[in-house]
Amino acid sequence: CQKTSVFNCCFFYNIIMFYLEFSYSFPGGFVAGALFITEATKIQGDYAIYIAIVILLAIACIFTVAGGLTAVIWTDFIQTILMIVGALVVCVRCK
């Protein structure tokens, strides 16, 4: 009985985390990336943000399919290094 209750608790926790990740984390990342793309490419109009999101998703899909999960892992590693270096530069410059 105890084994089943632990399984049910973990399953319930995973469902909640899956919902929170797809409801709050992913849309924020898509909108932030889309805003960057619209500013960098100077796309204007009512549907500019939607066009930028589609462009962002297409780039991510092509990158993942072409390079596989290894390419995604290396990209995350490089982004982490860049963010740490950038944070250190900001800390030193704003001191």
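Before reading on, note that the structure itself is shown above.
Summary of the structure given here.

Cut-offs used in this document
- Residues numbered from 1 in each chain as written.
- Predicted model: local features only at pLDDT ≥ 70, side-chain atom pairs only at ≥ 80, totals over all residues.
- Heavy atoms only, no water.
- Helix = DSSP H or I, 4+ residues; strand = E, 2+ residues; numbered from the N terminus.
- Expected span 1.5 Å × (residues − 1).
- Bend = angle between axes of the 7 residues up to and from the residue.
- Buried < 20%, exposed > 50% of the residue type's maximum accessible area, 1.4 Å probe, protein only.
- Contact = heavy atoms within 4.5 Å.
- Phe/Tyr/Trp six-rings, centres within 6.5 Å; stacked < 30°, edge-to-face > 60°.

Moving on: helix α2 (residues 48–93). Over its 46 residues, α2 runs only 35 Å from end to end, short of the ideal 68 Å by more than 12%, given 1.5 Å per residue. Along α2, the sharpest kink reaches roughly 115°, centred on Gly 68. Regarding α2, the residues found buried are Ala 48, Ala 52, Ile 53 and Ala 71.

As for its placement among the helices and strands, Ile 37 is situated in helix α1 (residues 2–41). Taking the C-alpha atoms as reference points, Ile 37 and Met 83, separated by 46 residues in sequence, lie 19 Å from one another. Non-local contacts of Ile 37, meaning those with residues more than four positions away in its chain, are made with Lys 42, Ala 52, Ile 55 and Leu 56.

The next point concerns the packing of aromatic side chains. Scanning the entire structure with this criterion turns up 2 aromatic pairs. Ring geometry for Tyr 47 versus Tyr 50: centroids 6.2 Å apart, planes at 45°, classification tilted. Residues Tyr 47 and Tyr 50 agree in their burial class; the two are exposed. Pairing Trp 74 with Phe 77 gives two aromatic rings, centres 5.7 Å apart and planes at 90°, and the pair type is edge-to-face. With a gap of 3 residues between them, Trp 74 and Phe 77 both fall in helix α2, about one helical turn apart. Note on Phe 77: relative accessible area 47%, which makes it partly exposed.

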